[in-house]
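Spelled out, the chains give:
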Amino acid sequence: MAQNIYLYSLAVWMLFIFLAIINGTLRGLYTPYTGELLAHQISSVIFSTVIFVVTYVFLKYSDVSGTPVQFIYVGLMWLFLTISFEFLFGHFVIGHSWEHLLHDYNIFEGRIWLLVLIVTAISPWLANRVLS
């Protein structure tokens, strides 16, 4: 079953890509009313919530089980995949500059993308713990 936890978790992470695109599209709808910074913050909180809820539902309704350490590894895998995707796809496919990509990491400017990354990393372990 150990291999299944990682394969299923990879599929869930790919679902996150689709949900992130939807989240970003919706952010474009309310950005004119909130401004870019607040829209970024709202979007980050919404997506963090979505990540945890999807993780929780996945673990609750699937037959995937594992040890707490395996769920920590899943979270670290998701974190690595997310950062890699963000920078590689963002730079080489979309064409964003490295400065543009790093901008969302500046918490001193009110950017809270790090919240999404933290939630991504801890959600598998935390959801498993809540369900145990």
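In this text, all values refer to a predicted model and were calculated from it rather than measured experimentally.

(A) Expanded view of the overall build of the protein chain. Helix and strand counts for the protein chain stand at 5 helices and 0 strands. Along its sequence from the N terminus, the protein chain presents helices and strands in the succession α-α-α-α-α. With the C-alpha coordinates of the protein chain rotated into their principal frame, the extents come out at 45 × 30 × 25 Å. Each of the 132 residues in the protein chain was classed as buried or not, and the buried ones make up 32%. Within the protein chain, counting contacts between residues at least 6 apart in sequence, those at least 24 apart form 73% of the total. On the protein chain, roughly 7,900 Å² of surface is accessible, and the fraction owed to carbon and sulfur atoms is 73%.

(B) Region of interest: the layout of surface pockets. Approximately 830 Å³ is the volume found for the largest pocket. Lining the largest pocket we find 28 residues, and of these Ala 20, Arg 27, Glu 86, Asp 104 and Trp 113 sit closest to its centre. For the lining of the largest pocket, the elements supplying multiple residues, two or more each, are helix 1 (2-34), helix 2 (36-61), helix 3 (68-93), helix 4 (98-103) and helix 5 (113-131). The residue inventory of the lining of the largest pocket, partitioned by class, reads 12 nonpolar, 11 polar and 5 charged.

(C) Region of the structure containing the pattern of salt bridges. Within the structure shown, the criterion is met by 2 salt bridges. Its salt-bridge partner being Arg 111, residue Asp 104 comes within 2.4 Å of it at the nearest N-O pair. Connected through salt bridges with shared partners, the residues Glu 36, Asp 104 and Arg 111 form a single ionic network.

(D) Structural view of the nonpolar core. In terms of nonpolar packing, the biggest core is built from 21 residues, with Val 12, Phe 16, Ile 51, Leu 59 and Trp 78 touching the most fellow members. Of all the secondary-structure elements, those providing two or more residues to this core are helix 1, helix 2, helix 3 and helix 5. Val 12 has contacts with Val 54, Phe 58 and Trp 78, leaving out every residue within four places of it along the chain.

(E) Looking closely at helix 3. Between its first and last C-alpha atoms helix 3 spans 36 Å; for 26 residues at 1.5 Å apiece the expected length is 38 Å, and the two agree. Those residues of helix 3 lying buried are Gln 70, Phe 71, Val 74, Gly 75, Trp 78, Thr 82, Glu 86, Phe 87 and Gly 90. Looking one or two residues beyond helix 3, the residue adopting positive phi is Gly 95, at roughly 95°.

(F) Region of interest: the packing of helix 2 against helix 5. The geometry of helix 2 relative to helix 5 is characterised by a closest axis approach of 9 Å and an angle of 25° between their N-to-C directions. Classified by the angle their axes make, helix 2 and helix 5 are roughly parallel. Handedness of the helix 2/helix 5 crossing: right-handed. Of the residues in helix 5, those touching helix 2 at His 40, Ser 44, Val 45, Phe 47, Ser 48, Ile 51, Phe 52, Thr 55, Tyr 56, Leu 59 and Lys 60 are Trp 113, Leu 115, Val 116, Val 119, Thr 120, Ser 123, Pro 124, Leu 126, Ala 127, Asn 128, Val 130 and Leu 131. For the contact of helix 2 with helix 5, a count of residues per class yields 15 nonpolar, 7 polar and 1 charged.

Criteria and thresholds
Residues numbered from 1 in each chain as written. Predicted model: local features only at pLDDT ≥ 70, side-chain atom pairs only at ≥ 80, totals over all residues. Heavy atoms only, no water. Helix = DSSP H or I, 4+ residues; strand = E, 2+ residues; numbered from the N terminus. Buried < 20%, exposed > 50% of the residue type's maximum accessible area, 1.4 Å probe, protein only. Contact = heavy atoms within 4.5 Å. Areas by Shrake-Rupley, 256 points an atom, 1.4 Å probe, with all protein chains shown as cover. 1 Å grid on protein atoms, 1.4 Å probe; cavity = no way out; pocket = protein on both sides within 12 Å on 5 of 7 lines; lining within 4 Å. Points joined across faces, edges and corners; volume = space filled by probe spheres on them. Nonpolar A, V, L, I, M, F, W, Y, C, P; charged D, E, K, R; others polar. Salt bridge = Lys/Arg side-chain N within 4 Å of Asp/Glu carboxyl O. Core = buried A, V, L, I, M, F, W, Y, C linked by side-chain atoms within 4.5 Å. Expected span 1.5 Å × (residues − 1). Axes fitted to C-alpha atoms, helices over the stretch in contact; angles between N-to-C directions. Parallel < 35°, antiparallel > 145°, perpendicular 65-115°, else oblique. Left-handed = near helix turned anticlockwise from the far one by under 90°.

The values reported here are purely geometric and, on their own, carry no functional implication.
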